[in-house]
Amino acid sequence: MNQPKVIIVGQGISGTFLSWFCYQAGLDFTVIDVQREGTPSNVAAGIINPVTGRRVVKVWLDDILLPFAEKAYTAMGTFLDIPAITKTAIVDFFPNPFMKESFLKKLSQKEDYIRLLEDDRQFAPYFNYEFGAGCIAPAYVVNMAGLLPAWRNFLRQQHKLIEEPFDFSQLDAAGRVIQYREHTADRILFCDGAAGAANPYFSLLPFALNKGEAVIIEAPELPSGLLFKKSMLLAPLVETGLFWAGTNYIWDFTDEAPTEAFRQATEQTLRQWLKVPFRILDHKAAVRPATVERRPFAGFHPVYPNIGILNGMGTKGCSLAPYFSHQLVEHLLHQRPLLPEVDISRFKNILSRQPL
């Protein structure tokens, strides 16, 4: 059987892993992407947290997604000769008695991934916390700042990267073969992040875009090697003494630029939380491609079956992208079914009305 030729639009975390698995499968593919600073993959800290929310519940498909992600990042890091993923733990400082009670309730139910610290005062020289702390493990930190550029350089070397904005007016998908400018392919797959909400083929999908902001701080006296969580998350970066600080959801926003309000609120929170000196070095923001159902979008358009999508990862891109990229490649090559919760065939009626 002739293997299909594929065009992939976007090289965020989804496009990176989709092209990685295409490469592993020996597919002929091309990635179209223009480098931008303010994308979720460039702004995110790369955290994979096995529990979520105030009720301390396990993330969706934790027993499948997390082991798969660890294996996939490790393989890619080995291939590129860079450290791609680090296994670590989150020190979860309880911000109030109610959160502590919720944590202890889950602990009594023998919830996976959580435990109490043997000595929750060991971090007292560095942080203010009145209600103790728990531990979440294993958690992971993905080296996004190293992994995505390294894969991009590999794509350049292999002449598989077109570095320009995608222009829909140059796409002809009416026939059996995809034509984009002078390039032909059997399939085109959109991994275009928040821009997917305006993609003429997929804009009717129930995206729920939200904005996130983060600051990079220098705090050389903070202990490294762990993640710290209270009203926000502190994640160590590759360079010693630097930390990513953030976690917020802004649903009503006018643009993707960083806001002074976030910077001021974050600085005030850090001053209340940290006992050690720190300095803000950078401030970033991005719009995330979240979805109403909090489930990704994967699969092919019901009217244009040679046009596909992998998008809607929201805040969980680092854990979701490896597994569903692999699923989509297996679906493309061997017609293996996608997980029903992510397969866009569930929106067949809506997408069939897409005006183009």
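All figures in this text were calculated on a predicted structure; none of them were measured in a lab.

Draft legend 1. Representation of the environment of Cys-191. Here Cys-191 lies in the loop between β13 (187-190) and β14 (210-218). According to the relative accessible area criterion, Cys-191 is buried, its value standing at 7%. Taking the C-alpha atoms as reference points, Cys-191 and Phe-347, 156 residues apart in sequence, are found 18 Å from one another. In contact with Cys-191, not counting residues within four places along its chain, are Ile-8, Val-9, Gly-10, Ser-14, Gly-15, Leu-18 and Leu-310.

Draft legend 2. Structural context of the nonpolar core. Residues Ile-48 and Tyr-73 are the most contacted members of the largest nonpolar core, which totals 67 residues. Among the elements that make up this core, the one with the highest residue count is helix α7 (residues 317-334) (9 residues). Counting residues in hydrophobic clusters, the runner-up holds 26 residues, among them Phe-123, Phe-228, Leu-270 and Ile-280.

Draft legend 3. Looking closely at unusual backbone geometry. Cis geometry marks the peptide bond from Ala-137 to Pro-138, where omega comes out at -5°. With respect to the element layout, Pro-138 can be found in strand β8 (residues 133-142). Look at His-159: it is not a glycine, yet its phi comes out positive at around 55°. Assignment of secondary structure puts His-159 in the loop between α5 (144-157) and β9 (161-162).

Draft legend 4. Region of the structure containing the packing of helix α1 (residues 13-24) against α7. Running from N to C, α1 and α7 cross one another at 35°; their axes reach a closest spacing of 8 Å. With respect to the hand of their crossing, α1 and α7 are arranged in right-handed fashion. Along its contact with α1, which presents Ile-13, Ser-14, Phe-17, Leu-18, Phe-21 and Cys-22, the element α7 presents Gly-317, Ala-321, Pro-322, Ser-325, His-326, Leu-328 and Val-329. For the contact of α1 with α7, the residue count by class is 9 nonpolar, 4 polar and no charged.

The rules behind each value
- Counting starts from 1 at the beginning of each chain's written sequence and moves along it residue by residue.
- The model is predicted, so local features are restricted to residues of pLDDT at least 70 and side-chain atom pairs to those at 80 or more, both for listing and for counting; the totals for chains, interfaces and linings are taken over all residues.
- As a rule here, side-chain values come from all non-hydrogen atoms in the structure, and water together with hydrogens is ignored.
- Secondary structure elements are taken from DSSP: a helix is a run of H or I of four residues or more, a strand is a run of E of two residues or more, and numbering for both begins at the N terminus.
- Remark: exposure states derive from per-residue accessible area (1.4 Å probe, protein chains only) relative to the maximum for the residue type, with buried under 20%, exposed over 50%, and partly exposed in between.
- Should any heavy atoms of two residues lie within 4.5 Å, those residues are considered in contact.
- Within this scheme, the nonpolar core is defined by two criteria: the residues are buried Ala, Val, Leu, Ile, Met, Phe, Trp, Tyr or Cys, and they are joined through side-chain atoms within 4.5 Å.
- Only the stretch in contact is used when fitting a helix axis, every axis being a line fitted to C-alpha atoms; angles between N-to-C directions are given from 0 to 180 degrees.
- Handedness of each helix crossing follows the sense of rotation of the near helix against the far helix: counterclockwise by less than a right angle gives left-handed, clockwise gives right-handed.
- In the scheme used here, Gly and all other residues not listed as nonpolar or charged are polar, with Ala, Val, Leu, Ile, Met, Phe, Trp, Tyr, Cys and Pro taken as nonpolar and Asp, Glu, Lys and Arg as charged.

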